[in-house]
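Coordinate inspection notes
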Amino acid sequence: MRGAAGGERAAHAVDGAAAAAGLHVWPFVLFFVPYYFLAVAALFVHVGCALRRGRAVAAGFTCAGLTVAGLLVATSMGQIVPVEIPARYLATFAGQ
């Protein structure tokens, strides 16, 4: 299969299930929940501060970021909708 740049497409494409796999294996949940939550929240905080339209805008972006981050992590963990993680992704954490 050919990729967009005309080269061969990687045999191991990464999807959302690969990113969510760490949220389904104990004790890796302790690392990945704050990792993903804070990454998304920080993005929103930085965008809000970069706009420099006042504290209300920065506070609004912060609240939106915390909400989006919480929903993203909860969804990836299967708390909102069922998420099926392929065994090959979970096996990554098996021998740890």
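Residues numbered from 1 in each chain as written. Predicted model: local features only at pLDDT ≥ 70, side-chain atom pairs only at ≥ 80, totals over all residues. Heavy atoms only, no water.

This part takes up the packing of aromatic side chains. Counting across every chain of the model gives 7 aromatic pairs. With centroids separated by 5.3 Å and ring planes inclined at 25 degrees, the aromatic side chains of phenylalanine 31 and tyrosine 35 adopt a geometry described as stacked. Separated by 4 residues within a single helix, phenylalanine 31 and tyrosine 35 lie in helix 2 (residues 29-51), roughly one turn from each other. Using a relative accessible area of 47% as the deciding quantity, one classes tyrosine 35 as partly exposed. (Phe/Tyr/Trp six-rings, centres within 6.5 Å; stacked < 30°, edge-to-face > 60°. Helix = DSSP H or I, 4+ residues; strand = E, 2+ residues; numbered from the N terminus. Buried < 20%, exposed > 50% of the residue type's maximum accessible area, 1.4 Å probe, protein only.)

Here we take up a nonpolar patch on the surface. On the surface, Leu71, Ile80, Val81 and Val83 cluster together into a nonpolar patch covering about 310 Å² of accessible area. One can find valine 81 in the loop between helix 3 (55-76) and helix 4 (87-90). (Patch = residues over 30% accessible without salt bridge, like charges linked within 9 Å, V, L, I, M, F, W, Y side chains within 5 Å. Areas by Shrake-Rupley, 256 points an atom, 1.4 Å probe, with all protein chains shown as cover. Salt bridge = Lys/Arg side-chain N within 4 Å of Asp/Glu carboxyl O.)

Ala17, Ala20, Ala21, Leu23, Val25, Phe32, Ile85, Tyr89 and Phe93 form the largest nonpolar core, which has 9 residues in total. Beyond its immediate stretch of four places on either side in the chain, alanine 21 contacts Ile85, Tyr89, Leu90 and Phe93. (Core = buried A, V, L, I, M, F, W, Y, C linked by side-chain atoms within 4.5 Å. Contact = heavy atoms within 4.5 Å.)

Look at helix 3: 31 Å from first C-alpha to last across 22 residues, which is about the 32 Å you get at 1.5 Å a residue. Taken as a whole, helix 3 has its buried residues at Ala58, Gly65, Ala69, Val73, Ala74 and Ser76. Projected down its long axis, helix 3 shows its buried positions confined to an angular sector of 170 degrees, all on one face. Away from its buried face by more than 90 degrees, helix 3 exposes Ala56 and Cys63. (Expected span 1.5 Å × (residues − 1). Arc of directions from axis to C-beta.)

Here the focus is helix 2. Helical geometry: 3.6 residues make up each α-helical turn, so side chains three or four residues apart lie on a common side. A rise of 1.5 Å per residue sets the reference length of helix 2, with its 23 residues, at 33 Å; its end C-alpha atoms lie 33 Å apart and thus fit the reference within 8%. Among the residues trailing helix 2, arginine 52 stands out with phi positive, at a value near 50 degrees.

With their axes 8 Å apart at the nearest point, helix 2 and helix 3 run at an angle of 160 degrees to one another. One way to sum up the angle between helix 2 and helix 3 is to call them roughly antiparallel. Considering how the two elements wind past one another, helix 2 and helix 3 form a crossing that is right-handed. Facing Val33, Tyr36, Phe37, Val40, Ala41, Phe44, Val45, Val47, Gly48, Cys49 and Leu51 of helix 2, the residues of helix 3 in contact are Val57, Ala58, Phe61, Thr62, Ala64, Gly65, Leu66, Val68, Ala69, Gly70, Leu72 and Val73. Looking at the contact of helix 2 with helix 3 residue by residue, the class counts come to 19 nonpolar, 4 polar and no charged. (Axes fitted to C-alpha atoms, helices over the stretch in contact; angles between N-to-C directions. Parallel < 35°, antiparallel > 145°, perpendicular 65-115°, else oblique. Left-handed = near helix turned anticlockwise from the far one by under 90°. Nonpolar A, V, L, I, M, F, W, Y, C, P; charged D, E, K, R; others polar.)

Turning to the environment of threonine 62, a few remarks are in order. Considering the arrangement of structural elements, one finds threonine 62 in helix 3. Threonine 62 sits in the partly exposed class, given a relative accessible area of 26%. In the structure, threonine 62 is positioned 14 residues away from glycine 48 in sequence and 7.0 Å away in space, judged by C-alpha atoms. There is a polar contact of 2.8 Å between the side chain of threonine 62 and the backbone oxygen of alanine 58. (Polar contact = N/O pair within 3.5 Å; in protein donor to acceptor, adjacent residues only side chain to side chain.)

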